Amino acid sequence: MKNILVIGANSAIARAVSRLYAEEHCRLFLLSRDAEQLALQKQDLQIRGATEVDCSVFDANNFSVHEAVIDQVLDRFGSIDLAFICHGSLSNQAQCEEHFDSALQEFHTNALSVISLLTCLARHMSIQRSGCIAVITSVAGDRGRQSNYVYGSAKAMVSTYLQGLRGRLFKSQVDVIDIRPGFVDTPMTHAIKKGGPLWSSPEKVAQCIVDGIRKRKHTIYAPGYWRLIMLVVCSIPEVLFKRLKL
Ligand SMILES: NC(=O)c1ccc[n+]([C@@H]2O[C@H](COP(=O)([O-])OP(=O)(O)OC[C@H]3O[C@@H](n4cnc5c(N)ncnc54)[C@H](OP(=O)(O)O)[C@@H]3O)[C@@H](O)[C@H]2O)c1
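Please read these numbers as outputs of a predicted model, since none were measured by experiment. (Residues numbered from 1 in each chain as written. Predicted model: local features only at pLDDT ≥ 70, side-chain atom pairs only at ≥ 80, totals over all residues.)

Caption draft 1: View of the overall build of the protein. Assigned secondary structure in the protein consists of nine helices and nine strands. Computed over the C-alpha atoms, the radius of gyration of the protein is 18 Å, within 12% of the 18 Å expected from 2.2 N^0.38 for a compact globule of 246 residues. Dimensions along the principal axes, computed over C-alpha positions, put the protein at roughly 55 × 35 × 35 Å. Looking at the protein as a whole, 39% of its 246 residues are labelled buried. Contacts in the protein between residues at least 24 apart in sequence constitute 70% of all its contacts with a sequence separation of at least 6. (Helix = DSSP H or I, 4+ residues; strand = E, 2+ residues; numbered from the N terminus. Rg over C-alpha atoms; globule rule 2.2 N^0.38 Å. Buried ≥ 20, exposed ≤ 12 C-beta atoms within 10 Å, placed from the backbone. Contact = placed C-beta atoms within 7 Å.)

Caption draft 2: Seen up close, the site of the ligand. Near the ligand there are 25 residues, and of these Ser11, Ala60, Gly88, Thr186 and Met188 occur at the shortest range. If you list the elements that add at least two residues to the shell around the ligand, you get helix H1 (12-23) and strand E7 (183-184). Across the shell around the ligand, the residue classes tally to ten nonpolar, twelve polar and three charged. (Near = placed C-beta within 6 Å. Nonpolar A, V, L, I, M, F, W, Y, C, P; charged D, E, K, R; others polar.)

Caption draft 3: Broad picture of unusual backbone geometry. Cis peptide bonds are those with omega within 30 degrees of zero, and the linkage from Ala222 to Pro223 qualifies with -10 degrees. Relative to the helices and strands, Pro223 is located in the loop between strand E9 (219-222) and helix H8 (225-235). Positive phi outside glycine occurs at Arg129, with the angle close to 60 degrees. Relative to the assigned elements, Arg129 resides in the loop between helix H5 (100-128) and strand E5 (132-136). We note that Gln173 has phi near 60 degrees; this positive angle belongs to a residue other than glycine.

Caption draft 4: Layout of helix H2 (residues 35-47). Given a rise of 1.5 Å per residue, 13 residues ought to cover 18 Å, and the 19 Å separating the end C-alpha atoms of H2 matches this to within 8%. Among all positions in H2, only Leu38, Gln41 and Leu45 are buried. With its buried residues spanning 65 degrees around the axis, H2 presents them on a single face. Away from the buried face of H2 by more than 90 degrees, exposed residues Glu36, Ala39, Leu40, Gln43 and Ile47 are located. (Expected span 1.5 Å × (residues − 1). Arc of directions from axis to C-beta.)

Caption draft 5: A look at the pairing of strand E4 (residues 82-85). Where burial is concerned, the two faces of E4 agree: the one with Leu82 and Phe84 and the one with Ala83 and Ile85 are both buried. Two elements, strand E1 (residues 3-7) and E4, share four bridges in a ladder whose sense is parallel. By the bridge assignment for E4, Ile4 is matched with Leu82. Across four bridges, E4 lies against E5 in parallel orientation. Across the sheet, the residue bridging to Phe84 is Ala134, located in E5. (Pairing = 2+ DSSP bridges.)

Caption draft 6: Structural view of the sheet that holds E9. With respect to topology, seven strands assemble into an open sheet ordered E3-E2-E1-E4-E5-E6-E9, the strand pairing being parallel. Edge positions in the open sheet fall to strand E3 (52-57) and E9, since each of these has one partner strand only. Neighbour to neighbour, the strand axes of the sheet diverge by 15 degrees on average, direction disregarded. (Axes fitted to C-alpha atoms, helices over the stretch in contact; angles between N-to-C directions.)

Caption draft 7: Main features of helix H7 (residues 202-214). Its 13 residues place the ends of H7 18 Å apart at the C-alpha level, agreeing with the 18 Å of an ideal helix rising 1.5 Å per residue. Taken as a whole, H7 has its buried residues at Pro202, Val205, Ala206, Cys208, Ile209, Val210, Gly212 and Ile213. Once H7 ends, the next one or two residues include Arg216, with phi positive near 55 degrees.

Caption draft 8: Main features of the environment of Thr51. Within the secondary structure layout, Thr51 lies in the loop between H2 and E3. The spatial distance from the C-alpha of Thr51 to the C-alpha of Leu28 is 8.0 Å, given a sequence separation of 23 residues.

Caption draft 9: Representation of the environment of Arg19 in the model. Assignment of secondary structure puts Arg19 in helix H1. Exposure remark for Arg19: the 20 C-beta atoms within 10 Å place this residue in the buried category. In sequence terms Arg19 and Leu45 are 26 residues apart; their C-alpha atoms lie 6.1 Å from each other. Setting aside its immediate chain neighbours within four residues, Arg19 contacts Leu45 and Arg48.

If you want it as structure tokens, here you go:
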């Protein structure tokens, strides 16, 4: 039986992943800001086969509660087999360019809150000497683009942090996984025109994530073809790239 902690549990991708784990009869501990949605999701996951579902209201930007929340999960479950961090916000690039406060808020949500959680989780998991930490970053972190470099650089910070943490926790038999989705049709992307072959459903991305975690991959591009796309994007010379309206 797997004990799974889901942070940012109301995200569309997190919900789809939680459903797959419920079907495997896992125990789930859900953290999210929305109590009403948590209650609904708890019912849904129990119906789908979860052995146990616990929930707690949690704002990732309230860093001072992170340690206590992880302790609460450990008190309940005894150990964490998988900590899955999903929360995030799609930055308003134009606003962040004008107002540093907006950029700072985005860095808090997309990078610093994640690093604070990773600090607590790494401490516990290195003592536990088992388990997996999986974090959703983004393909946007692979290369800074003029249209979304605040969001992209926050995600890149987490990706680089995860690389180092992976090495540190290797000797403790704890796996650290960086999940980089491409375009996914979720509430986060409601303002973007959708459609076409590069867009995926949360369900498709969730299956890639669960499969990748099972295989203990270091980096999961979701879907996998994004690895090739980003290889091409990253190979464009800067002298040309800076002229592209991407
Ligand atoms: N959709 C894409 O195209 C795409 C692509 C690459 C990466 N991603 C990443 O995938 C992850 C999941 O996003 P999604 O696409 O599933 O979008 P989503 O459904 O909009 O989920 C984002 C979630 O983040 C939560 N959140 C934001 N700030 C939070 C905070 N301070 N504390 C706790 N929770 C907070 C939101 O909670 P509330 O429900 O309370 O608002 C929401 O449930 C994010 O990290 C995102 O950056 C998405």
